[in-house]
Amino acid sequence: MVRKEILICSGTGCLSAGSEEIEERLMDELWKHELEDKYPLTRAIKRTGCMGPCNLGPMIIIRPEDTFYGNLKPADVERIVEEHLLKGRVVYDLLIEDIDGRRVEEFEKLDFIRGQKKVVMRDSGDIDPSSLEDYLKVDGYMAARKAIMDMERNEIVKEIKDSGLRGRGGAGFPTGLKWELAAKEISDQKYIVCNGDEGDPGAFMDRSVLEGDPHSIIEGMMIAGYAVGADQGYIYVRAEYPLAIRNLQKAIRDAESEGYLGENLFNQGFDFNVELRVGAGAFVCGEETALLSSIEGKQGRPKYRPPYPVQSGLWGKPTVINNVETFGNIAMIIKYGSEWFRDIGTEGSPGTKVFAVAGDVENTGLIEVAMGTTIREMINIAGGVADGKRFKAVQIGGPAGGVIPEQYLDTPIDYDSLKEAGTIMGSGGFIVLDEDTCMVDVAKFFLDFTQDESCGKCPPCRLGTKRMLDILDKITKGNGEAKDLDKLQDLAETIQATSFCGLGQASPNPVLSTLKFFRDEYETHVHDKKCPTGTCKALVEAYTINEETCVTCGRCIEVCPVDAISSGENTYVIDPEKCISCSECAKICPVDAISEGDEK
Amino acid sequence: MNTVNFNVDGQDISAKKGMTVMEACEEHGITIPKLCQHEALENVMACRLCSVEVNGKQILPSCGLQVDDGLKIQTQTDHLKKYRRKILELIYRSENHYCMFCESDGDCELQDLMYEHEIDRFEFPRMYPEWPVDSSHDYIIKDSNRCIRCGRCVRACDEVVGNHTLSLGGRGINNRIIVDAGVPLGESTCTSCGMCLQVCPTGAIFSKLSMFKGVKKECDMTTTTCLSCSMGCGTNVYTKTGHIVEIEGADIHKESGGQLCEFGRFKPLANKGERIKNVILREDGEEKELSLSEGLEKASEMLVKSYRISAYASGDLTCEDLDAFAYAMRAHGALFDVVGAKRHRFETEVKRRINMIEGHFVTDIREIMKADNILLYDTSIYHTHPILASYIRRATSNGTKLITIDAYEDKFWNHSDKSITIESPKTQLTRLVNQVIKEGKASIEDLSRVSSILGGLRVHPKDVMEIVNLLEEATYDIIIIGDEIIDRWSLRHIFELAKLEGSYVISLNHAGNQYIKNLETEGVYEEPEVAYILAGDEEDQADMKELIEKADFSIVQSARRSELTEMADLVIPSLTMFEREGTTIDINGVKNKVERITEPKGGIRSEIGFFEELAKMR
Ligand SMILES: Cc1cc2nc3c(=O)[nH]c(=O)nc-3n(C[C@H](O)[C@H](O)[C@H](O)COP(=O)(O)O)c2cc1C
Ligand code: SF4
Ligand code: SF4
Ligand code: SF4
Ligand code: FES
C-alpha cells in the first residue's frame, strides 16, 4: 500500500491564516479514527514552506495523488479525513475553483501553478524545511559534492558565468563576474555573505526561500565559498523573520552535525562554516556596504564604493555578497549545467524570477516565472484583475521602481525590457493596481516609505524626499498649486543626482513614473481639486441620494459614521456639510441610489 | 609615477596620487563648497554639496573622489549650481536657522554658503523642528534644531578623541546626534574636550563660555602653547578688544587633530577668580594693601632675615619665569623645588641605579598609536592627561591591547582588554612579573606557590601570566606610568620590567613644563621659616597649601585670589597663563613659544623684572 503524506503549508502567510489549527485538527482526526498505523503521526503530516498561492491558505496537499485543498476551515478537516483518507473519495466542494470556475483536483493543475517555472522555489512547499533528511531526498548537497569533488574552482566560476545568472537583489549584476573578481583577489581570508535583509514593502520572496528551503541557500553559499576560496559565510536575516531564523538555525546545526558544514568537506580539505546574523531591519541595511558594516557591528550606513566588497568587504577582506534568490539558483546550475539554465528565460536575463504578487488580483502570493514572461501573462497566472475591475497599472520594483500602464502590458519581464519601460526589476515586488487606484496616492505610499527609511545622511535624501512627500500630501488634500508639479520634478532631479546610495537615488522613481504616465491625474488633483478615483478623501465631494431610486430602506443611516443622513419625505437626505465622503453609504445601498457629487 | 594629471574646469592640474579631487583643487585655488568635509576627519561624503561632474556624465562628491589620470572635472555647471542651491535651501529651511538669534552668526559655514550662493528667496516653507536644547553640560550647549547632520562632531569624538560619546541615530528626518544611549550631555561620558564644537560648521554645538563675546572672524588670532600640562598643545586664541573670545586647538595637521582638553579650552575662560591688583600683607590679624615696591621690600626683608627658606613653583609656568624665580630664590639661599620635580628626582635616581638608558623612553607620545600593547599603571591620566588618554583610546580602537593596573576603578574600563585592580598596584605585582620573566616560563601552579610564600601578595597568578604573555608576544609595547605612581620602589620595578622586556616607557609628571628636568631642584624644608610660592593657573594647589601651613611666614605670588592666597601672609600679584610670554618644553622635549595674548591686568607687568630686583636685594 502506498503511504500517504499530507503536506501542510506552514509559510508565514498560512500560519497567520490558521494553518496550525488545521494541523492540530488533522492530528486529532487521525487519532480519533485510529489511523496512526497508516499515518504515523510524526511523519504523515509534513510542514512545508510556502506553496505559493498565499491567499488560498490554510492549504494542504495529499500525496501521492497530489490533491489540493485550500481556504480550509477547521470544520473541513473532519470531512477530508473521513471522506478522502478513509474512503478514498475526493471532497469535491472543498477543492479550489480555478479562474474558469472549474474545480481543480491536483495542485500542479492549478492555473496559478501551471504558468510558473520553479527553479528557486523548487522545494519550498514540497519538503519539510526543518529536515535535512528531506533535503537530501531531493538531491540536496549533491551539487556541492559535485562542485567540490569533481570540479576545479575556475570551472565553477566559468559555469556560473556561462549561465548568465544576474544578481536577484535588484541591480542585476552578473554573479559569475562578481565571483571571478573575488576569486582573483589574493588574501588570507575571504567571506561569502547572503543578503536576506529584504526590505521592500510587501516583499517576501527571500523570506519564503529561507523559511521553506534553508539548506539550498547554505549549499549555494558553500559552492560560492569553494569557488572563490572563502571558508566563512554569513547569512544576514532581518529580525522580523523569526521562522526563517529558526529554520536556518536548525539547518546550520544539522548540516554541521552531519558533516555538510565544517572542516574537510567531502574529504577534499575544504572548510566552510556559516553563521547567522540578525539585523535590526532598517531598509538601508539591505544595501551591501551598509549590510557589511552592520555585520561588523557598526552602524548600518552605506559606504563609498570603490572599493567594492569583492576587493574590501567584511573587515577589509574580499567578500562576495549575493541575494538569497541568487544563491538559490546556484545548486541547480551546477547540477544541470549552464546550458540548461540558459534555456530558461531570455538571452540577456536567463533563468527565472520570483515575484511577490499583490494588489488587485484574484490570487496573490509568490509566483516564479521564466524571464521573458510578459506582464499580461503574469497577471493571468494570478487570476486576472480582481472583481472584474479594469486594469490600470502595475508597480514593479518596489520603492525604487515605477508603474507600468496598460499600453506596456506585453512587456516581457527581464532586466532590460523593464528598464526600457521605465522601471526596474528590483527584488521582485509586483503590485497590480485596478481602475480604482489613485496614482498620486500610490506615489505617496512609496515615498512615505523611503523618506522614513532614509538613513538620514544626505540632505537631498533625508530632506528632499520629505519635501516631495509634503507636496504630494498637499496635492491630495486639495491644496496643490500649478508650480508644485515642477517642484516635484526639480527635487527629484536633485535627489537622483546627488544622493549617496541607491535608496536615495531611486527614491523619486515612483513619483516620476506616475507623473510620466498619469500626469493628467495629478493635474486633475491640482487644477480641478478632484481625485478621479475617489481615493483622496479630502477631494471627494459630498454624496447625494437619488430621490427616484431610493427605496428608503434606511441602511445608509446605520452605516454613516458621522450621522450625516436623515430621513426626508420620500427619500433620505445627506447633509453635505457633515458628509466626509467615506462612501460607506454608497457601498451598502442595495439599489445604487447613492453617488458622489450632485445626482447624475 | 606618483603624480597624476587631470583637468578641472578646463585647467590642467597635476596632483599627488591618493589625494582627493577636493584637496587637489584647493591646492590650486579652486574652491568647492563643502559642509561635512574637515581636514582633521575622515571623509564620509554626507552633505553632497561638493558634488562635481566627472567626465561629463557622473555626478560625484569631490571630497571622496580620488584623483586619477585623465579625469575631466567640472565644478561649476548650471546643473551643479542648481543642485547646490537646492540642497542648501533644504538644509536651511528644514532646520531652525534664524541667524540673528544664533551664537554662530558670522562664524557659520552654512551662512557663508547661503550668501555665496545668493539664496535670498525660498521655495519651501519652514519645518520648525522642536528638538529639546541640551544645556546640561558645564561648557557646551547642543541645539539639534540647528544641526545639519554633517556628522563632523561624531567623527571628531570618534576619530580624534577616541571617546565615542556622540553618534548619529534615528532614520530620515528623525536622524540626529545622540549622546551615549540618549542621555543629556552633562551626564554622559563626555570628557569636555570641546572637539565637537570646534569642528561644528554651524551653531548647533557651541561654548557657553564664548557666548555673546564676539564673532571669531572679527577677532585677532594668536597661536600659542597651552601651559596647563606638559603636552604643550598648540592653541589659537581669539581676542577682541583685549578680551579672550574663544580658544581652539591649533595642531589640526598633527595627529592630535587640533584637539585640546578641558584645561586648555574651557578652564582658562571659566576661571572667574578675582584678580589681585595690589600686594596684600596680613599682619596681626589685619589685612593691608601695599604697593608693588613695598611688597618687594617686605619680601626681601623676610628672605634676608631667614635661614630656612623653601621656594616652590608651579609647573605651569614658562621656562623663563622658572629660571628667574629659581635664580632669585637661590640668591637668598632658599631650597628650591617645582611641582612634579620630586618624581623626576626619584626617577633619575632609579634609572641610575638600574642602569637604564634614555633610549627606553618614548620620544614622541604619538607613538602610542603604533604600539601593539600598552601597559598602563594608574588610570587617572584619563583626567590628568586627557590628550594622552585620547591617544590610548584611539590605539585600542585600532587593535592595540591595553592592560590597566589601578588601585581604584579603571577609568579606561570600556577600552581596556584586561583591567587589574590591585590595592598596591606598583611593587608586588610588578616584582612578581619581573621574577617570572627572569626565571622563564612559569606555570600558574608555580605562581600560586610563589605568591603564597611571598605572603600578603594579593595578586592573582592569572593576572601575572597575562601581563607576562602580553609583553613577550608583542614586538612593540609601551609602558605608561601615571603621575600617581611616585614611590621609588614602584618606579624601580616598573623600570626594571621595561628593561627586561625592552619595552618603551612614558612617565607622566603631574606638572606641566618639562623644563623642570633641566632645573636643579633639591626638595625643600618641610617646616621652613619662610615659604615662597609662585603659583600658576592650576586648580589643584594642595601641596602648596600644605607647605605654607607649616611655614612661619608665607609668601604667595598669584594672579588670582584663591584659598591659597587667603592663607598667605604676603600676597604678591602675578600673571595669568595668557599674560606670560616665553617658551615651554613639552613632553616630547620640544621647545614651544608662549605668546602674550592679553596685556597684564593685575598688579604686575613683568614678573621676571620683579625677580631680578628681588635677587639683587640680599
Ligand atoms: C537601499 C537598498 C536596499 C537594498 N536592499 C536589498 C535587499 O533587501 N536584499 C538584497 O539582496 N539586496 C538589496 N540591495 C542590493 C544590494 O546592495 C546588493 O546589490 C545585492 O545584495 C547584491 O546581490 P546580488 O548581486 O545577488 O543581487 C539593496 C540596495 C539598496 C541600494
Ligand atoms: S541616499 Fe539616503 S539612504 Fe542613502 S546614504 Fe544618503 S541619506 Fe542614506
Ligand atoms: S547655524 Fe548658521 S545658518 Fe543656522 S542660524 Fe546659526 S548662523 Fe544661521
Ligand atoms: S552638531 Fe554640528 S558638527 Fe555635529 S552633525 Fe550637527 S552640524 Fe554637524
Ligand atoms: S564636503 Fe563632500 S559631501 Fe560634504
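How each quantity is defined
Residues numbered from 1 in each chain as written. Chains lettered and ligands numbered in written order. Predicted model: local features only at pLDDT ≥ 70, side-chain atom pairs only at ≥ 80, totals over all residues. Heavy atoms only, no water. Near = heavy atom within 4 Å. Nonpolar A, V, L, I, M, F, W, Y, C, P; charged D, E, K, R; others polar. Phe/Tyr/Trp six-rings, centres within 6.5 Å; stacked < 30°, edge-to-face > 60°. Helix = DSSP H or I, 4+ residues; strand = E, 2+ residues; numbered from the N terminus. Buried < 20%, exposed > 50% of the residue type's maximum accessible area, 1.4 Å probe, protein only. Lys NZ or Arg CZ within 6 Å of the ring centre and 35° of its normal. Domains from an automatic or database assignment. Contact = heavy atoms within 4.5 Å. Pairing = 2+ DSSP bridges. Right-handed = clockwise from strand over helix to strand, strands pointing away. Buried area = accessible area lost by both parts, 1.4 Å probe. Salt bridge = Lys/Arg side-chain N within 4 Å of Asp/Glu carboxyl O. Polar contact = N/O pair within 3.5 Å; in protein donor to acceptor, adjacent residues only side chain to side chain. Axes fitted to C-alpha atoms, helices over the stretch in contact; angles between N-to-C directions. Core = buried A, V, L, I, M, F, W, Y, C linked by side-chain atoms within 4.5 Å. Patch = residues over 30% accessible without salt bridge, like charges linked within 9 Å, V, L, I, M, F, W, Y side chains within 5 Å. Areas by Shrake-Rupley, 256 points an atom, 1.4 Å probe, with all protein chains shown as cover. Lys, Arg positive; Asp, Glu negative; His and termini not counted. Charge placed at Lys NZ, Arg CZ, Asp CG, Glu CD.

Caption draft 1: Focus on the site of ligand 2. Taken together, 13 residues lie around ligand 2, and A:C455, A:K457, A:C458, A:C461 and A:C501 are the ones closest in. Each residue belonging to the shell around ligand 2 can be placed in one class, and the counts come to eight nonpolar, four polar and one charged.

Caption draft 2: Looking closely at the packing of aromatic side chains. Scanning the model with the defined rule gives 26 aromatic pairs over all chains in all. Both rings, one in A:F283 and one in A:F449, keep their centres 5.1 Å apart while their planes meet at 75°; by these two values the pair is edge-to-face. Of the two residues, A:F283 sits in the loop between strand 10 (270–279) and helix 13 (288–295) while A:F449 sits in helix 18 (residues 439–453), which places them 166 residues apart along the sequence. In this structure, A:F283 and A:F449 share a single accessibility class: buried. By the ring-pair criterion, three or more aromatic residues cluster together here, those being B:F325, B:F336, B:Y532, B:F610 and B:F611. Lying across the ring of A:Y226, A:R153 places its NZ or CZ 4.5 Å from the centre. The residue whose ring lies beneath B:K216 is B:Y238, and the NZ or CZ to ring-centre distance is 5.7 Å.

Caption draft 3: View of the domain arrangement of chain A. Domain annotation for chain A reports domain 1 (5–113), domain 2 (132–342), domain 3 (352–434), domain 4 (439–528) and domain 5 (541–596). Between the C-alpha centres of domain 2 of chain A and domain 5 of chain A there is a distance of 59 Å.

Caption draft 4: Spatial organisation of the environment of A:F272. Take A:F272: it is sitting in strand 10. When neighbours within four sequence positions are excluded, A:F272 is seen to be in contact with A:I192, A:M221, A:M222, A:G225, A:A230, A:D231, A:Q232, A:G233, A:L261, A:G262 and A:L265.

Caption draft 5: Structural view of the pairing of strand 23 (residues 553–558) of chain B. All names here are of chain B. Of all six residues making up strand 23, six are buried, and the element is well covered by its neighbours. Side chains of strand 23 alternate between two faces, with F553, I555 and Q557 and S554, V556 and S558 buried alike. Bridge analysis of strand 22 (residues 530–534) against strand 23 gives five bridges, and the strand direction is parallel. Residue pairing in the sheet places L534 in a bridge with Q557 of strand 23. In this region the chain leaves strand 22, passes through helix 17 (residues 542–549) and returns to the parallel neighbour strand 23; the handedness of that crossover is right-handed. Of the pairings in the sheet, the one linking strand 23 to strand 24 (residues 570–573) comprises four bridges and is parallel in character. Along strand 24, the bridge assignment pairs V556 with V571.

Caption draft 6: How the structure looks around the interface of chain B and chain A. On the chain A side, the residues contacting the 32 residues of chain B number 29 residues. Across the interface of chain B and chain A, roughly 2,700 Å² is buried in total on both sides, 57% from carbon and sulfur atoms. It is B:R48, B:L90 and B:R171 in chain B that bury the most area against chain A; as a group they hold 22% of the surface buried on that side. The tally of links from chain B across to chain A stands at four salt bridges. Residue A:D490 pairs with B:K82 through a salt bridge whose shortest N-O separation is 3.7 Å. Here chain B and chain A share 15 residue pairs in polar contact (both at pLDDT 80 or more) between them. Those elements that place two or more of their residues in the side of chain B that touches chain A are strand 4 (58–61) and helix 2 (78–94) of chain B. Per-element tally for the side of chain B that touches chain A: the top contributor is helix 2 of chain B, with nine residues. Split into classes, the residues belonging to the side of chain B that touches chain A amount to 17 nonpolar, seven polar and eight charged.

Caption draft 7: Expanded view of the sheet that holds strand 15 (residues 402–405) of chain A. Residues and elements named next belong to chain A. Overall, mixed pairing links the five strands, which are arranged 13-12-16-14-15 in an open sheet. Two strands lie at the open edges of the sheet, namely strand 13 (365–370) and strand 15, each paired on one side alone. Each adjacent strand pair in this sheet contributes to an overall mean axis angle of 30°, direction not counted.

Caption draft 8: Examining the domain arrangement of chain B more closely. Taken domain by domain, chain B comprises domain 1 (3–76), domain 2 (128–269), domain 3 (279–340 + 514–616) and domain 4 (355–507). If you average the C-alpha positions of domain 3 of chain B and of domain 4 of chain B, the two centres end up 37 Å apart.

Caption draft 9: Expanded view of the nonpolar core. Residues and elements named next belong to chain A. Counting 63 residues, the largest nonpolar core has W179 and M222 as the members making the most contacts within it. Ranked by residue count, the leading element in this core is helix 11 (residues 214–228), at nine residues. Two domains each donate at least three residues to this core, and these are domain 2 (132–342) and domain 3 (352–434). Those residues in contact with M222 that lie beyond four places of it in its chain are Y141, A144, I148, Y260, L261, L265, F266, F270 and F272.

Caption draft 10: Fine view of the sheet that holds strand 20 (residues 477–481) of chain B. Residue and element names in this part refer to chain B. Spatial ordering of the open sheet is given by 19-18-17-20-21, a layout of five strands whose pairing is parallel. Looking along the sheet, the strands with just one partner apiece sit at the ends: strand 19 (418–421) and strand 21 (504–507). On average, adjacent strands in this sheet sit at an angle of 15° to one another, irrespective of strand direction. The sheet contact formed by strand 17 (residues 373–377) and strand 20 spans five bridges and is parallel. Of the residues in strand 20, the one forming a bridge with L375 is I479. Helix 15 (residues 461–473) contacts strand 17, strand 18 (401–406), strand 19 and strand 20 of the sheet and is inclined by roughly 140° relative to strand 18.

Caption draft 11: How the structure looks around the side chain of B:T576. Residues and elements named next belong to chain B. Position of T576 among the secondary structure elements: in the loop between strand 24 and strand 25 (582–585). Owing to a relative accessible area of 6%, T576 belongs among the buried residues under this scheme. If sequence neighbours within four positions are ignored, T576 has contacts with R275, D537, A559 and R560.

Caption draft 12: Just the site of ligand 4, in detail. Inspection of the region around ligand 4 gives 13 residues, with B:C147, B:C150, B:G151, B:C153 and B:C200 positioned closest. Of the residues that constitute the shell around ligand 4, the class distribution is nine nonpolar, two polar and two charged.

Caption draft 13: Spotlight on a nonpolar patch on the surface. A cluster of nonpolar side chains, namely B:Y98, B:M100, B:F101 and B:Y128, defines an oily patch on the protein surface of about 530 Å² accessible area. Within the secondary structure, B:M100 sits in the loop between helix 2 and helix 3 (109–116).

Caption draft 14: Fine view of the side chain of B:T379. Residue and element names in this part refer to chain B. Mapped onto the secondary structure, T379 falls in the loop between strand 17 and helix 11 (381–384). On the accessibility criterion, T379 (0% relative accessible area) is buried. In this structure the side chain of T379 is engaged in a polar contact, spanning 3.2 Å, whose partner is the backbone nitrogen of K411. Excluding residues that lie within four positions of it along the chain, T379 makes contacts with T404, I405, D406, E409, D410, K411 and F412.

Caption draft 15: Summary view of the pairing of strand 25 of chain B. With four bridges joining them, strand 25 of chain B and strand 26 (residues 591–594) of chain B adopt antiparallel strand pairing. Counterpart to B:T583 in the pairing with strand 26 of chain B is B:K593.

Caption draft 16: Quick look at helix 23 (residues 519–527) of chain A. All names here are of chain A. For helix 23, every residue scored as buried is listed here: E521, Y522, T524, H525 and V526. Buried residues in helix 23 make contact with strand 14 (391–396), helix 18, helix 19 (459–476), helix 20 (482–498) and helix 22 (509–517). A positive backbone phi angle near 55° is found at K529, which sits one or two residues after helix 23.

Caption draft 17: Local environment of a negative patch on the surface. Taken together, the side chains of B:E526, B:E527, B:D540, B:D543, B:E546, B:E549 and B:D552 define an acidic patch exposed on the protein surface. Here B:D552 is to be found in the loop between helix 17 and strand 23.

Caption draft 18: Region of interest: unusual backbone geometry. A:R63 connects to A:P64 through a cis peptide bond whose omega is 10°. When you line up the elements, A:P64 lands in the loop between strand 3 (60–63) and strand 4 (67–69). For the bond running from A:R305 to A:P306, omega is -5°, close enough to zero to count as cis. The residue A:P306 is located in the loop between helix 13 and strand 11 (319–323) in this model. One non-glycine residue, A:N71, adopts positive backbone phi at about 45°. Tracing the backbone through its elements, the reader meets A:N71 in the loop between strand 4 and helix 4 (74–87). Looking at A:N71, the relative accessible area reads 34%, which means it is partly exposed. Phi at B:S192 is positive, roughly 60°, even though this residue is not glycine. With respect to the helices, strands and loops of the structure, B:S192 is situated in the loop between strand 8 (176–179) and helix 5 (195–199). What makes B:S192 buried here is its relative accessible area of 11%.

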